[in-house]
There are 2 protein chains.
Amino acid sequence: MTDSERQTDEEQAQAEARDSGFELDSTLIEAVEEALERKDAEQLRELIADVHDADVADLVQSLDGDQRRAFVTTIRDDFHPQVLAELDENVRDDVIEVLGLQETAAAISELETDDAVLVLSELDEDEQRRVLEEIPPEDRALIEEGLAYQEDSAGRLMRRELVAVPTFWSVGEIIDYLRQAADQDEDILPHDFHDIFVVDPGHRPVGAVTLSRLLRTRRPVLVTEIMQSEIKVIHTNTDQEDVAFLFRQRDLTSAPVVDDGGRLVGVITIDDVVDVIDEEHEDDIMRLGGVAQDDLYSATIETARSRFTWLLVNLGTAVLASFVIGMFESAIEKIVALAVLMPIVASMGGNAGTQTLTVAVRALATKELTPANAARVISKELLVGIVNGCLFAVTTAVVAWIWFENLGIVVVIALAMIVNLVIAALSGATIPLLLERFGIDPAVASSVFLTTVTDVVGFFAFLGLASLLLL
Amino acid sequence: MTDSERQTDEEQAQAEARDSGFELDSTLIEAVEEALERKDAEQLRELIADVHDADVADLVQSLDGDQRRAFVTTIRDDFHPQVLAELDENVRDDVIEVLGLQETAAAISELETDDAVLVLSELDEDEQRRVLEEIPPEDRALIEEGLAYQEDSAGRLMRRELVAVPTFWSVGEIIDYLRQAADQDEDILPHDFHDIFVVDPGHRPVGAVTLSRLLRTRRPVLVTEIMQSEIKVIHTNTDQEDVAFLFRQRDLTSAPVVDDGGRLVGVITIDDVVDVIDEEHEDDIMRLGGVAQDDLYSATIETARSRFTWLLVNLGTAVLASFVIGMFESAIEKIVALAVLMPIVASMGGNAGTQTLTVAVRALATKELTPANAARVISKELLVGIVNGCLFAVTTAVVAWIWFENLGIVVVIALAMIVNLVIAALSGATIPLLLERFGIDPAVASSVFLTTVTDVVGFFAFLGLASLLLL
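Not measured: the values here are computed from a predicted model. (Residues numbered from 1 in each chain as written. Chains lettered and ligands numbered in written order. Predicted model: local features only at pLDDT ≥ 70, side-chain atom pairs only at ≥ 80, totals over all residues. Heavy atoms only, no water.)

1. Focus on the overall build of chain A
Broken down by element type, chain A carries 22 helices and six strands. In terms of overall dimensions, chain A is more spread out than a globule: its C-alpha atoms have a radius of gyration of 30 Å, far above the 23 Å expected for 471 residues. The principal-axis extent of the C-alpha atoms belonging to chain A is close to 90 × 60 × 50 Å. Here chain A holds 471 residues, and 54% of them are scored as buried. The contacts in chain A between residues at least 6 apart in sequence include a share of 67% that link residues at least 24 apart. Split by element, the accessible area of chain A, about 20,400 Å² in all, is 52% carbon and sulfur. (Helix = DSSP H or I, 4+ residues; strand = E, 2+ residues; numbered from the N terminus. Rg over C-alpha atoms; globule rule 2.2 N^0.38 Å. Buried < 20%, exposed > 50% of the residue type's maximum accessible area, 1.4 Å probe, protein only. Contact = heavy atoms within 4.5 Å. Areas by Shrake-Rupley, 256 points an atom, 1.4 Å probe, with all protein chains shown as cover.)

2. Here's the deal with helix 10 (residues 137-148) of chain B
Residue and element names in this part refer to chain B. Given a rise of 1.5 Å per residue, twelve residues ought to cover 16 Å, and the 16 Å separating the end C-alpha atoms of helix 10 matches this to within 8%. Those residues of helix 10 lying buried are I143, G146 and L147. With its buried residues spanning 95° around the axis, helix 10 presents them on a single face. Along helix 10, the residues that are exposed and aim more than 90 degrees away from the buried face are P137, E138 and A148. (Expected span 1.5 Å × (residues − 1). Arc of directions from axis to C-beta.)

3. Looking at the interface of chain A and chain B
On the chain B side, the residues contacting the 127 residues of chain A number 127 residues. Between chain A and chain B the total buried area reaches about 11,400 Å² when both faces are included, carbon and sulfur atoms providing 64% of it. By the criterion of area lost to chain B, the three top residues of chain A are A:F22, A:L215 and A:R216, representing 8% of everything that side buries. Along the contact surface separating chain A from chain B lie ten salt bridges. When the shortest N-O distance is used, the salt bridge between B:R250 and A:D55 registers 2.6 Å. There are 51 residue pairs in polar contact (both at pLDDT 80 or more) connecting chain A and chain B. A per-class count over the side of chain A that touches chain B returns 61 nonpolar, 33 polar and 33 charged. (Buried area = accessible area lost by both parts, 1.4 Å probe. Salt bridge = Lys/Arg side-chain N within 4 Å of Asp/Glu carboxyl O. Polar contact = N/O pair within 3.5 Å; in protein donor to acceptor, adjacent residues only side chain to side chain. Nonpolar A, V, L, I, M, F, W, Y, C, P; charged D, E, K, R; others polar.)

4. Quick notes on the domain arrangement of chain A
Domain boundaries assigned for chain A yield domain 1 (3-148), domain 2 (164-240 + 252-268) and domain 3 (300-470). When each unit is reduced to the centre of its C-alpha atoms, the spacing between domain 1 of chain A and domain 2 of chain A is 33 Å. (Domains from an automatic or database assignment.)

5. Thoughts on the nonpolar core
Soluble globular proteins tend to pack their nonpolar side chains together in the buried interior. Of all hydrophobic cores here, the largest spans 81 residues; its most connected members are A:I332, A:M342, A:F462, B:I332, B:M342 and B:F462. Among all residues touching B:I332, those that are not within four sequence positions of it are A:I332, A:V336, A:A339, B:I325, B:A339, B:M342 and B:L463. Core analysis: the next-biggest nonpolar cluster, separate from the first, contains 55 residues, B:L44, B:A85, B:I96 and B:Y297 among them. (Core = buried A, V, L, I, M, F, W, Y, C linked by side-chain atoms within 4.5 Å.)

6. Looking at the packing of aromatic side chains
Using the criterion set out here, one finds ten aromatic pairs over all chains in the structure. An aromatic cluster of at least three residues, connected via ring pairs, comprises A:F323, B:W403 and B:F404. For the cation-ring pair, A:K367 lies above A:F245, with the distance from its terminal atom to the ring centre recorded as 5.3 Å. (Phe/Tyr/Trp six-rings, centres within 6.5 Å; stacked < 30°, edge-to-face > 60°. Lys NZ or Arg CZ within 6 Å of the ring centre and 35° of its normal.)

7. Focus: the confidence of the model for chain A
Residues and elements named next belong to chain A. On average, chain A scores 89 in pLDDT, and the residues at 70 or more come to 95%. A low-confidence stretch, residues 1-19 (pLDDT under 50), is modelled with five contacts involving residues beyond four sequence positions or located in other chains. Interface confidence in the predicted complex, given as ipTM, is 0.84; pTM for the same model is 0.84. (pLDDT = per-residue confidence, 0-100.)

8. Examining the pattern of salt bridges
Summed over all chains, the structure comprises 52 salt bridges over all chains. B:R248 is the salt-bridge partner of A:D278, the closest N and O atoms lying 2.8 Å from each other. Note that A:D278 is positioned in helix 16 (residues 270-288) and B:R248 in helix 15 (residues 240-250), a pairing that runs across two chains. Neither A:D278 nor B:R248 differs from the other in exposure class; each is buried. The salt bridge partner of B:D295 is B:R307, with a shortest N-O separation of 3.0 Å. Of this pair, B:D295 sits in the loop between helix 16 (270-288) and helix 17 (300-326) while B:R307 sits in helix 17, and the two are twelve residues apart along the sequence.

9. Digging into the packing of helix 5 (residues 65-75) of chain B against helix 7 (residues 89-110) of chain B
When two helices pack together, their arrangement is given by the angle between the helix axes and by the axis-to-axis distance. Residues and elements named next belong to chain B. Relative to each other, helix 5 and helix 7 sit at 45°, their axes nearing to 9 Å. Classed by the angle they form, the pair helix 5 and helix 7 counts as oblique. Relative to helix 7, helix 5 is oriented so that their crossing is right-handed. Counting all contacts with helix 5, which are made through R68, R69, V72 and T73, the residues of helix 7 involved are V91, D94, V95, V98 and L99. Among the residues forming the contact of helix 5 with helix 7, the class breakdown is five nonpolar, one polar and three charged. (Axes fitted to C-alpha atoms, helices over the stretch in contact; angles between N-to-C directions. Parallel < 35°, antiparallel > 145°, perpendicular 65-115°, else oblique. Left-handed = near helix turned anticlockwise from the far one by under 90°.)

10. Regarding a negative patch on the surface
A surface patch of negative charge is lined by A:E151, A:D152, A:D239, A:E241, A:D275, A:E279 and B:D251. Checked against the element boundaries, A:D239 lands in the loop between strand 4 (234-235) and helix 15 (240-250). (Patch = residues over 30% accessible without salt bridge, like charges linked within 9 Å, V, L, I, M, F, W, Y side chains within 5 Å. Lys, Arg positive; Asp, Glu negative; His and termini not counted. Charge placed at Lys NZ, Arg CZ, Asp CG, Glu CD.)

11. Quick notes on the sheet that holds strand 3 (residues 205-210) of chain A
Residues and elements named next belong to chain A. Ordered in space as 1-2-3, the three strands form an open sheet in which the pairing is mixed. In the strand order of this sheet, the two ends are held by strand 1 (164-166) and strand 3, each with one partner. Mean inter-strand twist for the sheet, computed between neighbouring axes without regard to direction, equals 35°. Looking at chain direction, strand 1 and strand 2 (residues 195-199) are connected through three bridges and run parallel. If you follow V165 over to strand 2, its bridge partner there is V198. (Pairing = 2+ DSSP bridges.)

12. A word on the packing of helix 9 (residues 125-134) of chain B against helix 10 of chain B
Residues and elements named next belong to chain B. Where helix 9 meets helix 10, the closest approach of the two axes is 10 Å, and the angle between their N-to-C directions is 155°. One finds that helix 9 runs roughly antiparallel with respect to helix 10. In the packing of helix 9 onto helix 10, the handedness of the crossing is right-handed. Along the contact surface, helix 9 presents Q128, L132 and E133, while helix 10 presents R140, I143, E144 and L147. Considered class by class, the residues forming the contact of helix 9 with helix 10 number three nonpolar, one polar and three charged.

13. Thoughts on the environment of A:A445
Within the fold, A:A445 resides in helix 22 (residues 442-470). Once the C-alpha coordinates of A:A445 and A:L435 are considered, the two residues, ten residues apart in sequence, prove to be 7.9 Å apart.

14. Points about the relation of the copies chain A and chain B
Here chain A sits on chain B after a turn of 180° about the axis and a move of 0.0 Å along it, with an RMSD of 0.1 Å. Both copies of the chain, as the preceding transformation shows, are related through a two-fold rotation axis. (Least-squares fit on C-alpha atoms with pLDDT ≥ 70 in both.)

15. Quick look at the sheet that holds strand 3 (residues 205-210) of chain B
Residue and element names in this part refer to chain B. Spatially, three strands are ordered 1-2-3 in an open sheet, and the strand pairing comes out mixed. Each edge of the open sheet is held by one strand with a lone partner, namely strand 1 (164-166) and strand 3. The sheet shows a mean angle of 30° between the axes of neighbouring strands, direction not considered.

16. Let's talk about the side chain of B:T454
For B:T454, the location among the structural elements is in helix 22 (residues 442-470). With residues near it in sequence (within four places) discarded, B:T454 still touches B:A346, B:G349, B:G350, B:N420 and B:A424.

17. Quick look at helix 16 of chain A
The end-to-end C-alpha separation of helix 16 of chain A is 27 Å, in line with the 27 Å expected for 19 residues at 1.5 Å each. At the exit of helix 16 of chain A stands A:G290, carrying a positive phi of roughly 75°.

18. Thoughts on a nonpolar patch on the surface
Residues and elements named next belong to chain A. On the surface, V394, V398, W401, I402, L407, V411, L415, L468 and L469 cluster together to form a nonpolar patch covering roughly 900 Å² of accessible area. Put simply, the parts of the chain that give the nonpolar patch at least two residues each are helix 20 (371-404), helix 21 (407-437) and helix 22. Here the nonpolar patch takes four residues from helix 20, the largest share from any one element. By relative accessible area, which is 37% here, V411 ends up partly exposed.

19. Observations regarding the pairing of strand 3 of chain A
Residues and elements named next belong to chain A. Both strand 2 and strand 3 contribute to a ladder of five bridges, which runs antiparallel. Opposite D195, over in strand 3, you have T210 as the bridge partner. Hairpin connection of strand 2 to strand 3: five residues between the antiparallel strands, including H203 at a positive phi of 60°.

20. Quick notes on the pairing of strand 5 (residues 254-258) of chain B
Residues and elements named next belong to chain B. Burial runs high along strand 5: five of the five residues are buried. As judged from the two bridges shared by strand 4 (residues 234-235) and strand 5, these two strands associate in the parallel manner. Paired with H235 across the strands is V258, a residue of strand 5.

Written as structure tokens, this is what we have:
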């Protein structure tokens, strides 16, 4: 490929990237960086004037620390509160530092309650208290109520702004109410909503009407005639993972939240649930990869420290595996080929086990793997382990034969491979189930247990069989 | 813990599981299995009469193959078409086999177009053709149009049923139209919708109005006065990942889809996007774990076969690593401690690299890692690698000293650890970026490349340094 061809390819790729048009335009980032260097505040304001808040947040995230602070300092008067809610936690800390407590408090009190609670909950206790003091009392009360709910609970996730109507209203009355409320003060109604909830005199939800149903019904019809009365009600203490599960299962766009007395206190909407789903998935991926949390925007030292813990645990298991090898030093001294081949058995076990583990951890997360079908899943994985164990016993035996032309070694590696792949399949399926049973997140700890088992069994089976059969 | 205590714990755990109340009740599964065993059709029908379609799908999935077929055979007359759309692909094949082509076709034609297209697209070509022949012509045309769009494109994802109004209509006219359409025939309107689209005479979308906005506006107001005219329009060819990104970024509940001529042809709703998000995440997790696709419901042989390929690739890399060890056979023969310690260096490199890799793959998927900040992310990871490399050089040196009391070995393992953790950090960050650059999904291939690098470098650095310094 000549240089000019390569360039054309590059240009094409860039054009394609632009075409989808949904992600942040890289030319915008460059223009912003340039304006920052020239300290051209007016140019900067012009550049981001029509950019969506979520994209401004992405832009702030893509700048480095110094640029980020310069950017926020420059546009502080035009800073949209919603940008704060869209930022990654680490980057938000930076921004809040530049804005100062007073401006942060002003921004937070303009957000809807769920976003305000989210932003505040991620500040440390001292900052939280000081920001709250700056927020007007009526907003503060609602936010403090939200903060009082447990982390990751429906109470934290819900928005307080909602539309509830009594059972005796007609469609016409609801429409008139909405129009009047909109005329008087837009703060009475939520900015956007999907369902209207019907409540009894005790403010307990008895039904829900989608707006599309309401719109196609004639004015005199009573709301109780068109409402769906079989609604799933979420308690403020319900875990957000269960909320996400319910939304997915029922294709909901919003759901009512009630307190201990069964009174309607808030509503959870699908956009917040999508964030929960993303967060859950991120947690699963990160934990399986041995990272405590997404640290893309964390400082170097903080990142190194948080990853250190996990690596230390892994060092422990690696040393354990080495102890097993150490038990067979004399065998290795006599047949050095054992040292050459032994990592193959351990590595194949680790990989096969990880396959099973991944499927099991994912199925537990989606509630598809349950005590009811656990036995069936384990038996299937065991069978898969036996089948692939036998296949790789043959494959590896061929490789070992070509390499060392020693029948004894061939037999040993084939047998060890079968043993380790079967144990890997069993451990990959049972370790996550056991952890879940004891209330430990299987995504966090499964892989370290698994590799310990497959390394120890892999080395022990191979070297042990060799000592038994070859010496 | 005594047996009775354990039982109480179990009962409590079960009670808690029931409490959240959203997932499938395990007592229901047991009752269904019992009814199936007794072949009590009436009891079975009663049990599932009030169960939501999505839960019936989960129930069908949790049964084993024979029970599943018996279940579908028994309730075939009461089988809700929507259950078909909620099933896992492998399980759906089972169900369709029992239902037969004619009943499947009847069920599919009762689904909304997006679900019908989804179900049909997962059948093999021959089945697809035969089912389509059984579907009434008017439904068939729409479904065939949907199937003509590329897999994973917006065209496949969209629903054809939508509400579009001309620019000159008022709020009152829209409401009257909806009420009349509802009176005449419910099939004109979608079952549920969130936005009304405003189109020009060429049927090109020029704006959108949320239903909550429409409901609080008085009748004489023109739709053009309240519509949002800055709408993101999705092309039928847009990849579903880009669609999901847009929905998340903008907190959308629905978005218009246009054809090449810019004409409004469909709408994508948030519930379908949530499915895409789940699918994407599942793909990422599975691929990172070396599984081609979620095979929880696949047959044993199929599962073994699909996992075999990945393990074979891994065998290749393991053999490559063994070759590296083989280069240093004479060193190992002289100092057998090298064989004992060498897996520690390789294993720590693999784990540290996987941490970096996980963060990078995830950041690429969320479009947070871009060419614009790649250099910064790589430098940071490099620094993290150096910091943790030095820390673990010391830690491992201490372990090696306690074990072998040999200063030479201590120096070698410490140096090798630094080299391998630095290389691991660099590879973990650059491999996914390079793969993405060449249009390969980084989740699929990154980890095999990474472990090859960390194994080869780990063994080579440790054994090579040992040969150089100790022999």
